[in-house]
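A structural walkthrough
Listed here are the chains, written in short residue letters.
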Amino acid sequence: MTEAENRIVNINSKHGEYAIELKGNIIRVDGKGVINKSILEQYLEDVRTITSALQGQPWGFLGFVNGTGILTPEAEHALVVSIQVRKQFGMRACALVVTNADIPSLVKNQFERVYQRAQIDYRFCASEDEAYLWLGTQDCSTAFTE
């Protein structure tokens, strides 16, 4: 494994927290709480750092929402813009597991709006295994090799 594949980023604030891990060419993110613009900006920088190891190759996103898991309106807009930019640097698809969110339907509605506005392929999955299977149909895998 490369240094980037071993890298895990953990961020905690009074509003929200997340952990990022690169597995193959899939970025796996566990998030919790309310995500404001400040947390989102740090997250986007962490994603840029981790995906640089992929050198422009396609990659996918697997997210887990725990607890509140919602974005402030400002963060929602910033996430749409950032996904549009990240698509230019290899981001191919997003899988999201919201079964552990406080209000899964609210989180699902918000992220569906984000993904549609960003014009990226996405799927809401009931489990991690289901998400990996779907991401595999999008050329994303934990066994990715350059």
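For the structure, see preceding data.
Each value, and the rule that gives it
Residues numbered from 1 in each chain as written. Predicted model: local features only at pLDDT ≥ 70, side-chain atom pairs only at ≥ 80, totals over all residues. Heavy atoms only, no water. Helix = DSSP H or I, 4+ residues; strand = E, 2+ residues; numbered from the N terminus. Expected span 1.5 Å × (residues − 1). Buried < 20%, exposed > 50% of the residue type's maximum accessible area, 1.4 Å probe, protein only. Arc of directions from axis to C-beta. Core = buried A, V, L, I, M, F, W, Y, C linked by side-chain atoms within 4.5 Å. Contact = heavy atoms within 4.5 Å. Disulfide = S-S within 2.5 Å.

**Side note on helix α2 (residues 37–51)**
Look at α2: 21 Å from first C-alpha to last across 15 residues, which is about the 21 Å you get at 1.5 Å a residue. Among the residues making up α2, those that are buried are Ile 39, Leu 40, Tyr 43, Leu 44, Asp 46, Val 47, Ile 50 and Thr 51. Here the buried residues of α2 occupy an arc of 165° about the axis, which is enough to place them on one side. Along α2, the residues that are exposed and aim more than 90 degrees away from the buried face are Ser 38 and Arg 48.

**Focus on the nonpolar core**
The tendency in soluble globular proteins is for nonpolar side chains to be buried as a group. In terms of nonpolar packing, the biggest core is built from 34 residues, with Tyr 43 and Tyr 115 touching the most fellow members. Counting residues per element, the ones that place at least two in this core are β2 (16–23), β3 (26–35), α2, β4 (59–71), α3 (73–87), β5 (91–101) and α4 (104–118). Here the element with the most residues in this core is α2; it accounts for six residues. In contact with Tyr 43, not counting residues within four places along its chain, are Tyr 18, Ile 20, Val 29, Phe 61 and Arg 86. Counting residues in each nonpolar core, the second largest holds 12 residues, with Ile 26, Ala 95, Tyr 132 and Leu 135 among its members.

**Thoughts on the state of the cysteines**
All chains considered together, the criterion is met by zero disulfides. Of the cysteine sulfurs around Cys 140, a residue in no disulfide, the closest is that of Cys 94, at 9.4 Å.

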